[in-house]
Amino acid sequence: MSVGIIMDAILRMLHGIGITFGLLGLSLAIGSIIAVLLLLMRISGRWWLSWPAQLYFYIFRGTPILVQIFIIYYGLPQFDWIRDSMFWSVLRDPFGCAIVALSLNVGAYVSEIFRGGVLSVDKGLLEAGAALGISTPQRFIYITAPLAIRISLPAYGNEIISLLKSTALASTITLADMTGIARTIVAETFAPYQIFISLALIYVTFTWIIQRTIRWTEGYLGRFTIR
Amino acid sequence: MNNTNDPIIRLIEVSKRYGKFEALKEIDLDVRKGERIVVCGPSGSGKSTLIRCINRMEEHTSGQIIINGHELTDKTKDIDAVRSEIGMVFQSFNLFPHMTILKNLTIAQRLVRKTPKAEARDTAMHYLGRVKIPEQANKYPIQLSGGQQQRVAIARALCMKPQIMLFDEPTSALDPEMISEVLDVMVDLASDGMTMLCVTHEMGFARSVADRVIFMDHGQLIEQAEPETFFNHPQHERTALFLRQILRH
Ligand SMILES: Nc1ncnc2c1ncn2[C@@H]1O[C@H](COP(=O)(O)OP(=O)(O)O)[C@@H](O)[C@H]1O
Ligand SMILES: [Mg+2]
């Protein structure tokens, strides 16, 4: 087994970057929006909003992402009404299915992370805002949110990294992300050891880059708020 | 409705319960415009609760609180508007840590009063000048000393041009050498005719500035008098005991 084959394999696997990072970026964006909505439901103080949000969290935390992907990809098309609905254009496509599954997961986990951040904001600051006559929604936007984001950032970074690794599951529903391509190459070359080690190195490298970026952002945002 | 002789703050038999615990017991209190009142009493006597009911940070359980002729009730529509007329200074400063000093002073003006940016900035710089730290405008709270932070907190409240200022132990969290710089600002404010309600144990401040000193114990308003009478001839044994305890040091 030569270095040449490994180099070729790495170059081919890197063609999957677009799909891997497409999955990562899109599901992070959509998932974060879902997370904010769930968070607002949970802190609304109304049981008929907070209970469904809590139930949602328990369901997604309690099941493997792979199983969720299979349910969405293999399970949902069995229902005629889904195939007739506007969602079908997304759900007929493995990329769309993966995005849906990953986003729903990110939503669940990130809403918990944000909630921790929101709860850790000093109540005295909100009182000071209230005493100045700042309204409840504006206190949330201008005081709670910016501070909660700073506090949540390290955990949010970990979530991005675990999402990067979860995108590999998309290869099980025929997507040619980096892992999907690696599996194709292994089938052609019968060299699973070298190929998968190379794949692992690629993931480690990206993880490292993401981690550095998060660290830097943390330092930048926290430069005057270190307590 | 607003006769000039009417009190700006009127409390009628105000009580506040936390569950079964009575933190305030039928408090009656009138504060005239421009009056300076110092509230003292042992820890847990209900001083903070009293102050916090006045801008409805706490909701009183019974009785009436009337601010500037408007009663505070569940139905008070615009509580934010009422609060913007009442400045409050906390023991723990509570400056917004992610905003510069200038932003701390302009944010409420911009959001609540819809003041144009340049005007809000001018107002902020004016009050920073009054608390004698205009040069700190672009720093963040963490870069300031405790005394400076508390002065910023006072300036932040003043930027809303409030009619009433509430202080809840504004110097209790400060190192001793910083207490006087904050008291100086409060004395300056008092000489300007601001209506002030201060919870403090700084008896020198009370003697020189207060029109009236109030003593609270166990949620009750035990005694109120002008400083001279209050300190030299307290009427109640509990007041006398309290004064002996804090003046001994
Ligand atoms: N949120 C609350 N829940 C229950 N009890 C409270 C609450 N806030 C204050 N208390 C109680 O009310 C009493 C008066 O408190 P406070 O007004 O803070 O006293 P002071 O400011 O005079 O030290 C205390 O016994 C305190 O424990
Ligand atoms: Mg207190």
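What counts, and where the lines are drawn
- Residues numbered from 1 in each chain as written.
- Chains lettered and ligands numbered in written order.
- Predicted model: local features only at pLDDT ≥ 70, side-chain atom pairs only at ≥ 80, totals over all residues.
- Heavy atoms only, no water.
- Helix = DSSP H or I, 4+ residues; strand = E, 2+ residues; numbered from the N terminus.
- Buried < 20%, exposed > 50% of the residue type's maximum accessible area, 1.4 Å probe, protein only.
- Areas by Shrake-Rupley, 256 points an atom, 1.4 Å probe, with all protein chains shown as cover.
- 1 Å grid on protein atoms, 1.4 Å probe; cavity = no way out; pocket = protein on both sides within 12 Å on 5 of 7 lines; lining within 4 Å.
- Points joined across faces, edges and corners; volume = space filled by probe spheres on them.
- Nonpolar A, V, L, I, M, F, W, Y, C, P; charged D, E, K, R; others polar.
- Contact = heavy atoms within 4.5 Å.
- Buried area = accessible area lost by both parts, 1.4 Å probe.
- Salt bridge = Lys/Arg side-chain N within 4 Å of Asp/Glu carboxyl O.
- Polar contact = N/O pair within 3.5 Å; in protein donor to acceptor, adjacent residues only side chain to side chain.
- Pairing = 2+ DSSP bridges.
- Phe/Tyr/Trp six-rings, centres within 6.5 Å; stacked < 30°, edge-to-face > 60°.
- pLDDT = per-residue confidence, 0-100.

A. Representation of the overall build of chain A in the model. Helices and strands together make up the secondary structure of chain A, namely eleven helices and zero strands. Going from the N terminus to the C terminus, chain A shows its helices and strands as α-α-α-α-α-α-α-α-α-α-α. Taking the principal axes of the C-alpha coordinates as reference, chain A spans close to 70 × 50 × 25 Å. A buried classification covers 44% of the 227 residues belonging to chain A. Accessible area for chain A stands at about 12,100 Å²; split by element, carbon and sulfur atoms hold 70% of it.

B. Summary view of empty space enclosed by the protein. Counted according to the given criterion, the structure contains one cavity of 30 Å³ or more. Size it by volume and the largest cavity reaches roughly 90 Å³. What lines the largest cavity is a set of 16 residues, among which Ala131 and Leu132 of chain A together with Gly87, Met88 and Ala157 of chain B lie closest to the centre. Broken down by element, the lining of the largest cavity gets its largest block of residues, four residues, from strand β6 (residues 86–89) of chain B. Residue composition of the lining of the largest cavity, grouped by class: twelve nonpolar, two polar and two charged.

C. Structural context of the interface of chain B and chain A. Taken together, the 26 residues of chain B in the interface contact 24 residues of chain A. Across the interface of chain B and chain A, roughly 2,100 Å² is buried in total on both sides, 67% from carbon and sulfur atoms. For the interface between chain B and chain A, the tally reads one salt bridge. Here Arg52 of chain B and Glu127 of chain A are joined by a salt bridge, their closest N and O atoms 2.7 Å apart. If you look at where chain B meets chain A, you find three residue pairs in polar contact (both at pLDDT 80 or more). At the level of elements, α2 (79–84), β6, α3 (101–113) and α5 (146–158) of chain B are the ones that each hand at least two residues to the side of chain B that touches chain A. A per-class count over the side of chain B that touches chain A returns 16 nonpolar, five polar and five charged.

D. Layout of the pattern of salt bridges. All names here are of chain B. One pass over the structure, following the stated rule, counts 18 salt bridges over all chains. For Glu59, the salt bridge is made with Arg56, and the minimal N-O distance between the two is 3.9 Å. Note on Arg56: relative accessible area 9%, which makes it buried.

E. Local environment of the sheet that holds strand β4 (residues 62–67) of chain B. Read across the open sheet, the four strands follow the order β2-β1-β4-β5 (chain B); overall the sheet is antiparallel. Both outer strands of the open sheet, β2 (21–31) and β5 (70–71) of chain B, are each paired with one neighbouring strand and no more.

F. Focus on the packing of aromatic side chains. The final tally for this structure, using the stated rule, is twelve aromatic pairs over all chains. Judged by centre distance (4.9 Å) and plane angle (75°), the rings of Tyr73 of chain A and Tyr74 of chain A are edge-to-face. Among the residues examined, Tyr74 of chain A registers a relative accessible area of 46% and is labelled partly exposed. Ring geometry for Phe215 of chain B and Phe242 of chain B: centres 5.1 Å apart, planes at 45°, overall tilted. Separated by 27 residues along the polypeptide, Phe215 of chain B in strand β9 (residues 212–217) and Phe242 of chain B in helix α9 (residues 237–247) bring together distant segments of the chain.

G. Spotlight on the layout of surface pockets. Residues and elements named next belong to chain A. Here the largest pocket defines a volume of roughly 330 Å³. Along its surface, the largest pocket is lined by 13 residues, and Ile43, Leu126, Thr136, Phe140 and Thr144 are the ones closest to its centre. If one sorts the elements of the lining of the largest pocket by residue count, helix α9 (residues 136–166) sits on top with five residues. Looking at side-chain class alone, the lining of the largest pocket contains eight nonpolar, three polar and two charged residues.

H. Quick peek at the side chain of Thr115 of chain B. Residue and element names in this part refer to chain B. Along the chain, Thr115 turns up in the loop between α3 and α4 (117–130). Of the residues examined, Thr115 reaches a relative accessible area of 10% and is grouped as buried. Each residue touching Thr115, except ones within four places of it in the same chain, is listed here: Gln109, Arg110 and Ala120.

I. Quick peek at the side chain of Ser171 of chain A. Residues and elements named next belong to chain A. By the secondary structure assignment, Ser171 is in the loop between α9 and α10 (178–189). We classify Ser171 as buried; its relative accessible area is 9%. From its side chain, Ser171 meets the backbone oxygen of Ala168 in a polar contact 2.8 Å long. Not counting chain neighbours up to four residues away, the residues in contact with Ser171 comprise Asp177, Thr179, Gly180 and Arg183.

J. View of unusual backbone geometry. Residues and elements named next belong to chain B. Positive phi outside glycine occurs at Glu26, with the angle close to 45°. Structurally, Glu26 can be placed in strand β2. Given the relative accessible area of 54%, Glu26 is considered exposed.

K. Quick peek at the confidence of the model for chain B. Confidence in the prediction of chain B, expressed as mean pLDDT, is 93, and 98% of residues score 70 or more. As scored by the predictor, the complex reaches a pTM of 0.87 and an ipTM of 0.92.

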